[in-house]
Amino acid sequence: MDLRNVRTVFLDRDGTINVKAAEGEYIRAPQDLVMLPGAAKAVAALNAAGVRTILVTNQRWLSTPSADPARFAAVQQRLDELLADEGAHLDAAYHCPHAVDSCDCRKPLAGMLFRAAQEHGLDLSESVMIGDSESDVLAGRAAGAATILLRTGAAPAAAGADVVVDDLAAAVRLIVPSVG
Ligand SMILES: [Mg+2]
Ligand SMILES: [Zn+2]
């Protein structure tokens, strides 16, 4: 697919928009959320071009009995604020709060993308999944979306992605070339 025809961008969160937590850890509090350089501006460029932006993030820590969903909501609110500071917004956000092998939405499965397609009436063949992990690539491919892997992550160099680029800004330049 020509990425310039993309109408919907599915965005991973940790390692794609914000700095990833340490291995095996999660962003559990608003003050732990630190944006990656250029990420918010990249989302703003998609917004300005009329490309739909949908967050799809795995947050397995929420599956432990002691986890407080309000803390996740506070992190999401902080993300929305930091995006808004740069004139950017997400059109929708989905998260998987489940443990491994207990649902159909934890990436590399494509449940969040299918649900978004249904709820927003969007065409997955006109969408791209952008993320820093092989699981993002696999979820995107399972949904019939194009895939862009970011080198910000530790994923194997190719992971079968359609395109591999350095960061979210570089990915967005493929979709909205006028951003330059
Ligand atoms: Mg990630
Ligand atoms: Zn799930």
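Residues numbered from 1 in each chain as written. Chains lettered and ligands numbered in written order. Predicted model: local features only at pLDDT ≥ 70, side-chain atom pairs only at ≥ 80, totals over all residues. Heavy atoms only, no water.

Going by what an unreviewed UniProt entry lists, the chain is known as D,D-heptose 1,7-bisphosphate phosphatase and is assigned to Mycobacterium rhizamassiliense. On record in UniProt, under Subcellular location (unreviewed entry), the comment for the chain is "Cytoplasm". Heading Sequence similarities (unreviewed entry) of the UniProt record for the chain holds this comment: "Belongs to the gmhB family." (UniProt positions renumbered as here; feature names shortened; annotations may be inferred.)

**Student:** When you look at the sheet that holds strand β6 (residues 163–165) in this model, what are you seeing that I'm missing?
**Tutor:** Hydrogen bonds between backbone atoms are what pair the strands of a sheet, whose relative direction is either parallel or antiparallel. Here we have six strands laid out as an open sheet, ordered β3-β2-β1-β4-β5-β6, and parallel in their pairing. A strand with exactly one partner marks an edge of an open sheet, and here the two such strands are β3 (92–96) and β6. Along the sheet, successive strands turn relative to each other by an average axial angle of 20°, direction set aside. Its contacts with the sheet put helix α4 (residues 134–143) on β4 (127–131) and β5 (146–150), and the angle it makes with β5 is roughly 175°. On top of the sheet, helix α5 (residues 168–175) reaches β1 (8–11), β4, β5 and β6; it is set at about 150° to β5, its chief contact. (Pairing = 2+ DSSP bridges. Helix = DSSP H or I, 4+ residues; strand = E, 2+ residues; numbered from the N terminus. Axes fitted to C-alpha atoms, helices over the stretch in contact; angles between N-to-C directions. Contact = heavy atoms within 4.5 Å.)

**Student:** Explain the environment of N47 here, please?
**Tutor:** For N47, the position within the fold is in helix α1 (residues 39–48). When the C-alpha atoms of N47 and G140 are compared, they prove to be 21 Å apart, with 93 residues separating the residues in sequence.

**Student:** I would appreciate a short explanation of the pattern of salt bridges in the present structure.
**Tutor:** Pairing is possible between side chains that carry opposite charge, provided their charged atoms lie close to one another. In the structure shown here, the tally under the stated rule is nine salt bridges. We note a salt bridge from D14 to R13, for which the minimum N-O separation is 2.9 Å. You can call D14 buried: its relative accessible area is 13%. Among the ionic pairs, D136 bridges to K107, the shortest N-O distance being 2.8 Å. With D136 in helix α4 and K107 in the loop between β3 and α3 (111–120), the pair connects residues that are 29 residues apart, well separated along the chain. For D136, a relative accessible area of 2% puts it in the buried group. Taken together, the shared-partner salt bridges in this structure form one network comprising D12, K107 and D136. (Salt bridge = Lys/Arg side-chain N within 4 Å of Asp/Glu carboxyl O. Buried < 20%, exposed > 50% of the residue type's maximum accessible area, 1.4 Å probe, protein only.)

**Student:** Whenever I open this one, the nonpolar core confuses me. Can you help?
**Tutor:** One broad trend across soluble globular proteins is that nonpolar side chains are buried collectively. Core analysis: the largest hydrophobic core is formed by 37 residues, its most contacted members being V9, L11, V128, I130, I148, L168 and I175. Of all the secondary-structure elements, those providing two or more residues to this core are β1, α1, α2 (69–84), β4, β5 and α5. Looking at this core, the element that brings in the most residues is α1, giving seven residues. Sequence-distant contacts of V128, that is, excluding residues within four places in its chain, are made with L3, V6, T8, V9, F10, A145, A146, T147, I148 and I175. If you look at the next biggest cluster of nonpolar residues, it comprises 17 residues, including F10, V56, A92 and C96. (Core = buried A, V, L, I, M, F, W, Y, C linked by side-chain atoms within 4.5 Å.)

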